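Structural characterization, general
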Amino acid sequence: MTTTLPAPATRVRPQTLTRAVHSEWIKTRSLRSTWVGMAAVAVVMIGFGAIASAVSTGSVQPPGPGGSDGGGPFGGGGPLSTVLTGSTFAVLLIGVLGSLAGAREYGSRMITASVVSVPRRWQVVVAKAVALSAAVIPTALIAVLGSYAAGTAILSANDAPTASLTDDDVLTTLFGMVGYITAIALIGLGLGILLRSVAGSIGAVVGGILILPNIAGALLPDSWDTILRFLPSSAASAFTAVAAAGDSKLGAAAGVAVLAIWVAAAVVAAVVSLSRRDV
Amino acid sequence: MIELRHLTKTYGTKVAVDGITATIRPGVVTGFLGPNGAGKSTTMRMIVGLDRPTSGTALVNGHPYATSRAPLAEVGALLDAKAVDSGRSARNHLLALGATVGIGRRRVDEVLAQVGLSEVAHKAAGSFSLGMGQRLGIAAALLADPAVLLLDEPVNGLDLDGIQWIRDLLTELAGEGRTVLLSSHLMSEMQLVADHLLVIGQGRILADSSIADFIEESPGGNAVVVVSPDAGRLAALLAGDGISLTTREPGRFEVRGTTSAAIGDLAAEHGLRVHELTPVTASLESAYLELTRDSVEYTATVPTHELAA
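Numbers given to residues run from 1 along each chain, matching the order in which its sequence is written. Numbering of ligands from 1 and lettering of chains from A proceed in the order in which they are written. Only residues with pLDDT of at least 70 get local features here, since the model is predicted, and only at 80 or more are side-chain atom pairs given and counted; chain-wide, interface and lining totals rely on the full set of residues. To get the side-chain values, all heavy atoms of the structure are used, and hydrogens and water are removed first.

Residue and element names in this part refer to chain B. Note on exposure labels: buried denotes an accessible area under 20% of the residue type's maximum, exposed denotes more than 50%, and partly exposed covers the range between, all computed with a 1.4 Å probe on protein chains only. The numbering of helices and of strands both runs from the N terminus, where a helix is a DSSP run of H or I of at least 4 residues and a strand a run of E of at least 2. Residues of helix α10 (residues 260-269) that are buried: Ile-263, Leu-266 and Ala-267. Viewed along the axis of α10, the buried residues span an arc of 100°, placing them on a single side of the element. Residues Asp-265, Ala-268 and Glu-269 are exposed on α10 and point more than 90 degrees away from its buried face. Of the surrounding secondary structure, the elements contacted by the buried residues of α10 are β10 (223-227), α9 (231-238), β12 (252-256) and β13 (276-280). This arc corresponds to the set of directions leading from the helix axis out to the C-beta atoms. Any pair of residues with heavy atoms lying within 4.5 Å of one another is described as a contacting pair.

Below you can see the structure in the form of structure tokens.
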């Protein structure tokens, strides 16, 4: 029936989740903003970590007996939280990039082409999540390990206490931070698809996840801490050595679980919204 | 083949598409006409599952589009040429779409050449003119060699060469046995390229016929203009079954349902003077305007037998 186009038509294969992921990866890597954004995350994270290490060499406390060195985001803590100071800003930035990844196709209407080519729409969301993770995880690894290497070198050059990779919980903390950055990117992605607006989803991820908890922690009575510790940033503080709202921390495993539930909730909400609503 | 069965879409209380039933057949170019807001785009969006019907179904090659194994090979759709990410190059845009059905660089380059965009393949789609954007949209629609093509206003912004090119392309694609559904506001264009017409107004089908029948059967269809000092008497003789008469000015009237030869013979038989006897073939545009005007305003037919003499 359809045989005589000018050149022999290509063999077409079934549309699968793997091919949807491939498509989203081509989209992700072919935007300059992806690479600029990812580079900015690494630069901000490593840069702030290096500055914090340089200016707070005198106040860095030796790691506690448990290896966890707590402390605030601006020094006054152990060596690990000092070298990871940039994470606050890196997480903020990755939340914005995640929101953009989710919402930008609504601005351009490219989303119509995406769901026409992949009509089983849950696959669009999952494919976007995989493609975004493929860009974010290596970036987070470079940012976190770079911060650790640079910060530790600065601290040790100034004879301040440092955290060794072989110390208890140091590797857990570093990889936990990689996980936290990835999780916030995915929550941003989910919100972007859910809210269909770049501005709206950036506002939601920055305000709701990163600013609101700190304000709430400061203003609400202590009894609220039980609830606040289930917020994404607080849950992450259980395994990233950076303090957040709700001082009574969850255990590391519980923190990972709570954050994973937030990610799953955002992705599932995006799937439901994209599948049910007209595009 | 596209089958629409009682397809309905409502937004709140507004009915955009109101129980459309139609079959769009392969092998011909089907023109999709209707005033703005008649429901053309909504219907096309429902065919590829962008909008969910409130009730009814749209089937592509016998099944709902969403269940296609290789969607892009089933339907190539150009619904909104601006729906591309402005920061991505034309080539990467097509590579990303093609990847969903395993299409790679060779086919992408081939289609870019076919639509004349090879030179700008690496430029950001955001820098494209309206016409180049349309070409990119057509490239995306052709990418996976689909059996069904849905094109919403494809000639928008194309230059004369481009319009000629797409006219030939659509004719060729239909000739290969594909189903081609095309909407356009350019009636002269539609008259040249379409074989069959689907006309909708206020969400309902007003006409579903071949383009020749559509013009023939329209109220403004083939007519004969008669100018005669004896108009009143001639009209009275002509009035009868299947013949309609319209007077626009004294001494001049239009006759439908008979031929100029028959009118001339009748006049001669009764010794009536005829100054002018002109067969008029209606254009698609006039036929369309007649049809949609009637459907929109629901006005009563003007009595055609009150002729001034």
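Resuming the write-up.
Interfaces are often sized by the accessible area lost when the parts come together. In this complex, chain B contributes 45 residues to the contact, which on the side of chain A involves 40 residues. Summed over both partners, the accessible area lost on bringing two parts together, with a 1.4 Å probe, is the buried area. Summed over both partners, the interface of chain B with chain A comes to about 3600 Å²; 55% of that surface belongs to carbon and sulfur atoms. In terms of surface lost to chain A, no three residues of chain B exceed Leu-50, Arg-88 and Thr-100 of chain B, which account for 17% of the buried area on that side. In the sections that follow, a salt bridge refers to a side-chain nitrogen of Lys or Arg positioned within 4 Å of a carboxyl oxygen of Asp or Glu. On the surface where chain B and chain A come into contact, there are 2 salt bridges. A salt bridge links Asp-85 of chain B to Arg-104 of chain A; the shortest N-O distance between them is 2.4 Å. As used in this structure description, the phrase polar contact means that two N or O atoms lie within 3.5 Å; if the pair is within protein, one of them must be able to donate a hydrogen and the other to accept it, and residues adjacent in sequence are counted only when both atoms belong to side chains. Where chain B packs against chain A, one counts 16 residue pairs in polar contact (both at pLDDT 80 or more). Residue assignment for the side of chain B that touches chain A shows that the elements contributing at least two residues are β1 (2-11), α2 (71-74), α3 (90-99), α4 (105-114) and α6 (160-175) of chain B. For the side of chain B that touches chain A, the element with the most residues is α3 of chain B, which contributes 6 residues.

Before going further, it helps to examine the domain arrangement of chain B. Residues and elements named next belong to chain B. An automatic or database domain assignment is the source of the domain bounds shown. Domain annotation for chain B reports domain 1 (2-209) and domain 2 (218-297). Taking the mean C-alpha position of each, domain 1 and domain 2 sit 40 Å from one another. Taken residue by residue, the interface counts 11 residues in domain 1 and 7 residues in domain 2. Summing both partners gives a buried area of about 850 Å² for domain 1 against domain 2, and 76% of it is carried by carbon and sulfur. Sorting the residues of domain 1 by area buried against domain 2 places Met-187, Gln-191 and Leu-206 first, and these three jointly supply 53% of that buried surface. Of all the elements in the fold, those that place two or more residues in the side of domain 1 that touches domain 2 are α7 (187-193), β8 (196-201) and β9 (204-210). With 3 residues, the single largest contributor to the side of domain 1 that touches domain 2 is α7.

Attention shifts here to the packing of helix α4 (residues 87-108) of chain A against helix α7 (residues 170-195) of chain A. Residue and element names in this part refer to chain A. Fitted lines through C-alpha atoms serve as axes, helices being fitted only where they are in contact, and the angles separating the N-to-C directions of these axes extend from 0 to 180 degrees. The contact between α4 and α7 brings their axes to 7 Å, and the two run at 30°. With respect to α7, the element α4 is oriented roughly parallel. At the point where α4 passes α7, the crossing takes the right-handed sense. Across the interface between the two elements, Ser-87, Val-91, Ile-94, Gly-95, Gly-98, Ser-99, Ala-101, Gly-102, Ala-103 and Tyr-106 from α4 touch Met-177, Tyr-180, Ile-181, Ile-184, Ala-185, Gly-188, Leu-189, Gly-192 and Ile-193 from α7. In what follows, roughly perpendicular refers to angles from 65 to 115 degrees, roughly parallel to angles under 35, roughly antiparallel to angles over 145, and oblique to any angle outside these ranges. In this scheme the crossing of two helices becomes right-handed for a clockwise turn of the near helix relative to the far one and left-handed for an anticlockwise turn of less than a right angle.

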